[in-house]
Amino acid sequence: MTSETAQHLAPDDGGDGETVTATADASAASAAEFTAHRPRMFGLAYRMLGSAEEAEDTVQDAYLRWSGADRAAIAHPAAWLATVVTRLSLNRLTSARAKREEYAGPWLPEPVLTRDGALGPLESAERRDAVSTALLVLLERLTPTERAVYVLREAFAYSHREIAGVLELGEANCRQVYGRAVRRLERPEARFAPAEEQRHRLVESFVGAAREGDLAGLERLLAEDVVWWSDGGGKVSAARRPVVGRDAVLRFLAGVARRTEEGTEVVLAEVNGAPALVSHRKGTLLAVTTFDLRDGAISGVRVVVNPDKLAFAQRQLATGSPLE
């Protein structure tokens, strides 16, 4: 490079170099601020959509809007981002519902390993319940607006006035929508959820009895009206209908045991804020099993084996997300 060329390429006295540096610094600061809010935004989108993959896409769309926004006009970044993510999630819910109506077999939400805080802090029973597989399934009963109001109120402690601003509804209307959502969910059992220690004990007893082929032990652990859901999405072999009742589930488990390939490992993990089982072989995630518990017994078992729905959890494991 000649000295003449170097002089031509160097910043002129007008300060263009300083401008470029300032712009780069501002961009970096903007990205850092968004990153700080990212876990909260992902948690919001996931609760709205029940899909980790779609939640990631939603957060990425929010980042594009954040990058193009006038930061000086945003007084409260957290509130601004929550509004954007909620509205983007509402847009996605309509098409998502259409896909789920055509889904092969039972639809279950995508599992997320939560020991590393992927869905935000879950230090209370209420926050854990807000991301539980059971609740995410029930949220499918709600309209998109009902779901948004319920999630913002229950999981993020928004006031009805704040929710009204996010959804551009009247405050009184928000109160009515929230009340309707609570009634439609009908979850009296949530008030009597077992303690964390009891949850761990039941799940550990289940996996121990299953490994040993102890049908009598499994029978003692299962509620008489237990229901087993399998989500294969038509991609892998799975029961297309729920298996209902203790005897039917025990027979189903016996069949699963016979078909389990050698080398498959089952380990305890925290999934969606609760003890769960992760099945893998040679580094490939095969299944994630979560449990509904009632009166000291297992009342529901939900197994995701659809490889598409395991992709997010597989990436978490690949990046070293802790199990237990």
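Here we summarise the structure given alongside this text. (Residues numbered from 1 in each chain as written. Predicted model: local features only at pLDDT ≥ 70, side-chain atom pairs only at ≥ 80, totals over all residues. Heavy atoms only, no water.)

1. With respect to the overall build of the protein
Along the backbone of the protein there are 13 helices and six strands. Relative to its 324 residues, the protein shows a buried fraction of 46%. Relative to all contacts within the protein whose residues are 6 or more apart in sequence, the contacts with residues 24 or more apart total 66%. Roughly 16,900 Å² of accessible area belongs to the protein as shown, and the carbon and sulfur atoms make up 51% of that amount. (Helix = DSSP H or I, 4+ residues; strand = E, 2+ residues; numbered from the N terminus. Buried < 20%, exposed > 50% of the residue type's maximum accessible area, 1.4 Å probe, protein only. Contact = heavy atoms within 4.5 Å. Areas by Shrake-Rupley, 256 points an atom, 1.4 Å probe, with all protein chains shown as cover.)

2. Regarding the pattern of salt bridges
This structure, assessed with the given rule, holds 17 salt bridges. Arg-315 is the partner of Glu-56 in a salt bridge, and the nearest nitrogen-oxygen pair spans 2.8 Å. Highlighted residues: Glu-56 in helix H3 (residues 52-68) and Arg-315 in helix H13 (residues 311-318), separated in sequence by 259 residues. Given the relative accessible area of 24%, Glu-56 is considered partly exposed. Residue classification places Arg-315 among the partly exposed positions, given a relative accessible area of 38%. Salt-bridge contacts for Arg-201 lead to Glu-197; the nearest nitrogen and oxygen are separated by 3.8 Å. Taken together, the residues span about one helical turn, with Arg-201 and Glu-197 both in helix H10 (residues 196-212) at a distance of four residues. (Salt bridge = Lys/Arg side-chain N within 4 Å of Asp/Glu carboxyl O.)

3. Comments concerning the packing of aromatic side chains
Scanning the model with the defined rule gives eight aromatic pairs in all. Each ring, one from Phe-34 and one from Trp-66, has its centre 6.5 Å from the other, and the planes form 45 degrees; the classification is tilted. One end of the pair, Phe-34, is in helix H2 (residues 16-49); the other, Trp-66, is in helix H3, with 32 residues separating them in the sequence. Judged by relative accessible area, Phe-34 falls into the buried class, the value being 4%. Judged by centre distance (5.1 Å) and plane angle (65 degrees), the ring pair of Phe-206 and Phe-291 falls under edge-to-face. Taken together, the residues span a long stretch of sequence, with Phe-206 in helix H10 and Phe-291 in strand S5 (residues 284-294) at a distance of 85 residues. Taking the relative accessible area as the measure of exposure, Phe-291 reaches 7% and is therefore buried. (Phe/Tyr/Trp six-rings, centres within 6.5 Å; stacked < 30°, edge-to-face > 60°.)

4. A word on the packing of helix H4 (residues 77-101) against helix H8 (residues 160-167)
Taken N-terminus to C-terminus, the directions of H4 and H8 make an angle of 60 degrees; their axes are 9 Å apart at the nearest point. Between H4 and H8, the interaxial angle falls into the category oblique. Viewed along their axes, H4 and H8 form a crossing whose handedness is right-handed. On the side of H4, the interface is formed by Thr-83, Thr-86, Arg-87 and Leu-90, while H8 contributes Gly-165, Val-166 and Leu-167. (Axes fitted to C-alpha atoms, helices over the stretch in contact; angles between N-to-C directions. Parallel < 35°, antiparallel > 145°, perpendicular 65-115°, else oblique. Left-handed = near helix turned anticlockwise from the far one by under 90°.)

5. Topic: the nonpolar core
Counting residues in hydrophobic clusters, the biggest one holds 50 residues, and the most contacted among them are Leu-44, Met-48, Leu-139 and Tyr-150. Only H2, H3, H4, helix H6 (133-138), helix H7 (144-154), H8 and helix H9 (171-185) provide two or more residues apiece to this core. Discounting residues that sit within four places of it in the chain, Leu-139 has contacts with Arg-47, Arg-97, Arg-147, Tyr-150, Val-151 and Leu-185. Counting 26 residues, the second largest nonpolar core, distinct from the first, contains Val-203, Val-207, Phe-252 and Val-301. (Core = buried A, V, L, I, M, F, W, Y, C linked by side-chain atoms within 4.5 Å.)

6. Structural notes on the packing of H3 against H4
At a closest axis distance of 9 Å, the pairing of H3 and H4 adopts a crossing angle of 135 degrees. By the criterion of interaxial angle, the relationship of H3 to H4 is oblique. Every pair of crossing elements has a handedness; the one defined by H3 and H4 is right-handed. Contacts between H3 and H4 involve Glu-54, Asp-57, Thr-58, Asp-61, Ala-62, Arg-65 and Trp-66 on the former and, on the latter, Pro-77, Trp-80, Leu-81, Val-84, Val-85, Leu-88, Ser-89, Arg-92, Ala-96 and Arg-100. Along the lines of polarity and charge, the residues of the contact of H3 with H4 split into nine nonpolar, two polar and six charged. (Nonpolar A, V, L, I, M, F, W, Y, C, P; charged D, E, K, R; others polar.)

7. Concerning H8
For H8, the complete set of buried residues consists of His-160, Ile-163, Ala-164, Val-166 and Leu-167. Along the axis of H8, the buried positions cluster into a sector of 160 degrees, meaning they face one direction only. The elements touched by buried residues of H8 are H4, H7 and H9. Just past H8, the residue Glu-168 takes up positive phi, approximately 60 degrees. (Arc of directions from axis to C-beta.)

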